[in-house]
Amino acid sequence: MPISHARLIPLCLVLAAPVLANPYEHQLPNGLRVIVKEDRRAPTAVHMVWYRAGSMDEHNGTTGVAHVLEHMMFKGTPSVGAGEFNRRVAAAGGRDNAFTSRDYTAYFQQVPKQKLPEMMQLEADRMRHLTLADDEFAQEIKVVMEERRLRTDDQPQSLLSEQLLATTFQAHPYRVPIIGWMNDLENMTAADARVWYDSWYVPNNAYLVVVGDVEHRAVFALAEKYYGVLAARPLPARKPQQEPVQAGLRRLAVKAPAELPIVMMAYKVPVVRNVADDVDPYALQMLAAVLAGHEAARFSTNLVRKQRLADEAAASYSPTVRGPGVFYLYGTPSEGKTRAELEAGLRAELAEIRQNGVAVEELERAKAQLIAGQIYKLDSMFSQALEIGQLEAVGIPHTQQQRIIDKLQAVTAEQVQAVVTKYFHDEQLTVAELDPQPLPSAPRARSSLAPRH
Amino acid sequence: MKPSPLLALFLLLVVQLAQAAPRIESWQAPSGARVFFVENHALPIIDVQADFAAGTAHEAAGKAGSAQLTRAVLDLGVAGMDETQIANRIADLGAKLSGGVDMDRASVSLRTLAMPDKREPALDLLRAILSTPQFPGEVFEREKARSVAAIKEALTRPDTIASRAFWTAMYATHPYGSHATPESVGALVRSDALAFYHANYTAQRCTLTIIGDLTRAQAEQVAERLTSDLPVGPPAASIPVPQLPAAGEQRLAHPAAQAHILLGLPALKRGDPDFFPLAVGNYTLGGGGFVSRLMKEVRDKRGLAYSVSSYFQPLAQLGPFQIGMQTKKTQTDQALMVTRELLATFLAQGPSASEVQAAKQNLIGSFPLRLDSNRKLLDNVAMIGFYGLPLDYLDNYPERIEQVTLDDIKAAFARHVRLEHLVTVVVGGE
């Protein structure tokens, strides 16, 4: 008979982000931090290892090396041969993968809970003992170039985003695509990957996040056992590489085979540096929600439905990143409307808020979404682990999660209006336009369905 | 926020899901709709999904695109509320409305918080969407224009061009081979959507799946409320049996850097007991992610592709078996050759004994990962309900996998993947 807690919910709802010790945290003598969130709903666990090294830590000539190393991490150590890592995770009934961002590189396995120790052993092994053989590198770099062709070169919107960032930033390494420039990939060597690995893959630059049906003290003990033997090493100096102040509108276009144009606008804005004292980043996040956070938000209502100016229109902003902040507005003009008309429409939405502010109920609506999202997030162990990991990557302790939610809840309509006035100027703006080109020949059969066999 | 003693209690009371598959309860609502329910109070969340036999295979002749467009406009106007009011209500409640259309099904899903002040208005709105859609003319025309634009854009992309050519090659004039085009969608009128709705969104064609923080008695009330005013009609006519194509290869020009390659054939129906040997075998062939033979030969050994896989997509009628990859266009023929040889060898010899063992170990071992959230439960239970699979399908899954033998795998592949019916489509390439 399921136990009901229905009467407790209304009181618990606002407190859903844990205020108890859960998640638990422990630091090993070698500097590795271990964060465990117990979630007993199902007999599974997710294990993640995060390294505070992403594409923003790369240098010219070897762009993409963070991501290439991520691929090479599956290519073996002296005790676990090439391909063996995946085989062992599969044999454990697990799923594994990895992801590289501008700010970090992370590896994860989702497994039945009893397989967690084996996953920790495998990850600890490759944290220090990667083989990085030349022949494996020679094959894998080809795979990465195929990945770039698939995800960037043949995707007009990805090409546009890549060019937009390369123009928005001129000094800060956020200008470089995570996957790297193709020519850098073509000239990359196993030695480049080795330098990267030796520089950043150390316990004092890493942390574990474990969420699932586990007991935190047992996980801490396993971490001591497997990761505790790895030695700490000094990290390379991280230079700030601050972006010089932009002093005027930048505009670019990309031509690519496509049917629909795209307009993307990128404004330079601040991000969270001090969770407790900052105000503007939270106001910017609520602004993004008011503009485009849901189907009832301003862009859908005004640009897509009422004015029929856009087929799609969106805003996005991430307040928790290591590097400089960007607030994006983007969309696709509807049939018969031009890119210039859509850009004017997006600007008009900002001007409207600058002049008249936002309604209290709009802000309340965005906050209702935020609270519900906190509950829905609890349905996925992976999402919970991801959120902890991403905050920590930026240097924000996971214990600040509830503080951030509180700060977002406290944003006022006046603060939203104020950030529009303060940051959305042409001097801080870069506009990118996709200029669609017809396919050289309309897709046609070079051969009809010809019989085989 | 201060720590609350009530919260501590709340966390202590969180009910652990049983290790075994969850108990699916099922009944028929007074309307005739079939209901599938899993009670789970671990989180204050309720997921509801209504599935209708209203996929693209149920479109009338000459009305390609009507299933998608009907679903797109369904929640954009109900009795007494326009689309803005609906969107505002959903947002105010912190609810999520989603759904989609495939060949067999149209789905409408609601996720809501379980507290009565959120749950009740959210369910009322879902009832209105299912039972009183208005298909406002202006909204219909706008969504039609957006749909046409999206199809035009998709038709410039090599993956869409390849997928469409592939399905046409596999299914020819069968409904699964039909595609919405800018012309077919452009010709649709509001009455087409109304007609499609009244014919297909009926209680008799509906399965309702409910997961989460409700009791059985509450779930029964919810099911009755959500389906009692649905249109009434005969059960869905069955989708015709597709004819298997003759083997063949088609190449279409495209300027992309990579060629998109698809090989496959109509292969498997939902509920076919061969599903289990095919699942175990395909894990080794191309379904097992990084450890599959396709991944090892095409990606790891030769660096020919980033992504390569094979899978079965069982449908109400024979759904496809499909191998797909993308490779630099100069490597097209090499990638095709490697893939064809690998497939032929696999069909002739099957997996090795150790591969069979590894496949079973993963498919059985990873079973808890398929059920460790309400969202995943919803997907599984909705599929079981819609396709009429046995209610103990999840309970028996590990055992059915364990029973598969090498001979079962070879025999099942021999029945379902016959090379004389394998079609190949290449878009781009040289």
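These figures come from a predicted structure and were not determined experimentally. Position labels on residues start from 1 in each chain and follow its written sequence. Chain labels run from A onward and ligand labels from 1 onward, assigned in the order the entries are written. The predicted nature of this model means local features are confined to residues of pLDDT at least 70 and side-chain atom pairs, given and counted, to a pLDDT of 80 or more, with totals for whole chains, interfaces and linings taken over all residues. The side-chain figures draw on all heavy atoms in the structure; neither hydrogens nor water molecules are used.

Overview of the overall build of chain A
Logical step 1: Looking only at helices and strands, chain A features 16 helices and 12 strands.
Logical step 2: As defined in this context, the radius of gyration uses C-alpha atoms, and a globule is described by 2.2 Å times the residue total to the power 0.38. Over its C-alpha atoms chain A spans a radius of gyration of 24 Å, differing by no more than 12% from the 22 Å that the globule rule assigns to 453 residues.
Logical step 3: Only protein chains enter the accessibility calculation, which uses a 1.4 Å probe; a residue whose area is less than 20% of its type maximum is buried, one above 50% is exposed, and one in between is partly exposed. Here chain A, with 453 residues, has 59% of them falling under the buried criterion.
Logical step 4: The contacts in chain A between residues at least 6 apart in sequence include a share of 81% that link residues at least 24 apart.
Logical step 5: Computed with a 1.4 Å probe, the accessible areas rest on the Shrake-Rupley method; for each residue, only the protein chains presented here act as cover. Entry remark: accessible area of chain A is about 17600 Å², with carbon and sulfur atoms responsible for 52%.
Logical step 6: The centroid of the 49 positive side-chain charges in chain A is displaced by 2 Å from the centroid of its 53 negative side-chain charges. Labels follow the DSSP assignment, with helices taken as runs of H or I lasting at least four residues and strands as runs of E lasting at least two, numbered in each case from the N terminus. Between two residues, a contact is recorded if the distance between any of their heavy atoms is within 4.5 Å. None of His or the chain ends enter the tally, which takes Lys and Arg as positive and Asp and Glu as negative. Working definition for charges: the position is that of NZ of Lys, CZ of Arg, CG of Asp or CD of Glu.

Quick look at helix α14 (residues 381-394) of chain A
All names here are of chain A.
Logical step 1: For α14, which comprises 14 residues, the first-to-last C-alpha distance of 21 Å matches the rise-based estimate of 20 Å (1.5 Å per residue) to within 8%.
Logical step 2: Buried residues in α14 make contact with β2 (33-38), β3 (44-51), β6 (206-212) and α15 (401-409).
Logical step 3: Where α14 begins, one side-chain oxygen reaches toward the backbone nitrogen of F382, 3.4 Å away; that side chain belongs to S380.
Logical step 4: At the C-terminal side of α14, G395 shows a positive phi close to 95°. How far a helix is expected to stretch is found by multiplying one less than its residue total by 1.5 Å. Nitrogen and oxygen atoms within 3.5 Å of one another constitute a polar contact, given that in protein one can donate a hydrogen and the other can accept it, and given that sequence-neighbouring residues count only through two side-chain atoms.

Brief notes about the confidence of the model for chain B
All names here are of chain B.
Logical step 1: In this model, chain B carries an average pLDDT of 94, and 95% of its residues clear a pLDDT of 70 or more.
Logical step 2: On a scale of 0 to 100, pLDDT captures the predictor's confidence in every residue. In the predicted structure, residues 1-19 sits below a pLDDT of 50 and forms 35 contacts with residues beyond four places in sequence or in another chain.
Logical step 3: Interface scoring of the predicted complex returns ipTM 0.91; its pTM is 0.93.

Overview of the environment of A:K115
Logical step 1: Locating A:K115 in the fold gives a position in the loop between β5 (105-112) and α4 (116-128).
Logical step 2: Placed 32 residues apart in sequence, A:K115 and A:E147 show a C-alpha to C-alpha distance of 31 Å.

Re the sheet that holds strand β3 (residues 45-52) of chain B
By way of backbone hydrogen bonds, the strands of a sheet pair with one another, either parallel or antiparallel.
Logical step 1: Pairing between strands is defined by DSSP: at least two bridges between them are needed. Strand order across the open sheet formed by six strands is β1-β2-β8-β3-β7-β6 (chain B), with mixed pairing between neighbours. With one partner strand each, in any of the chains shown, β1 (25-28) and β6 (96-101) of chain B form the two edges of the open sheet. Within this sheet the neighbouring strands show an average axis-to-axis angle of 15°, counted without direction.
Logical step 2: Across six bridges, the pairing between strand β2 (residues 34-39) of chain B and strand β8 (residues 206-212) of chain B is parallel. What sits directly across from B:V35, in β8(B), is B:L208.
Logical step 3: Contacts from helix α13 (residues 360-376) of chain A reach β3, β6 and β7 (106-113) of chain B within the one sheet, and its direction differs from that of β7(B) by about 100°.
Logical step 4: Angular values range over 0 to 180 degrees, each being the angle between N-to-C directions of two axes fitted as lines to C-alpha atoms, with helices fitted over their stretch in contact. Along the sheet face, helix α2 (residues 66-74) of chain B touches β6 and β7 of chain B and points at about 170° away from the line of β6(B).

Here we look at unusual backbone geometry
Logical step 1: In the Ramachandran plot, A:R308 falls in the positive-phi region, its phi being about 55° despite a non-glycine side chain.
Logical step 2: With respect to the secondary-structure elements, A:R308 resides in the loop between α11 (298-306) and β9 (310-317).
Logical step 3: The residue B:A172 is not glycine, and still its phi comes out positive at about 45°.
Logical step 4: Considering the arrangement of structural elements, one finds B:A172 in the loop between α6 (158-171) and α7 (182-186).

Considering the layout of surface pockets
Gaps left between atoms are located by rolling a probe of water-molecule size over the structure's atoms.
Residue and element names in this part refer to chain A.
Logical step 1: Put simply, the grid is 1 Å and covers the protein atoms alone, a cavity is a trapped set of points that fit a 1.4 Å probe, a pocket is an open set with protein on both sides within 12 Å along at least five of seven lines, and lining residues have an atom within 4 Å of a point. Grid points are joined across faces, edges and corners, and a volume is the space filled by probe spheres set on the points. In this structure, the largest pocket occupies an estimated 750 Å³ of space.
Logical step 2: What lines the largest pocket is a set of 35 residues, and nearest its centre among them are M56, H172, K239, P240 and Q241.
Logical step 3: Among the secondary structure elements, those contributing two or more residues to the lining of the largest pocket are α8 (190-200) and β8 (262-269).
Logical step 4: Residues belonging to the lining of the largest pocket are distributed by class as follows: 15 nonpolar, 10 polar and 10 charged. In this classification, Asp, Glu, Lys and Arg are treated as charged, Ala, Val, Leu, Ile, Met, Phe, Trp, Tyr, Cys and Pro as nonpolar, and every other residue, Gly included, as polar.

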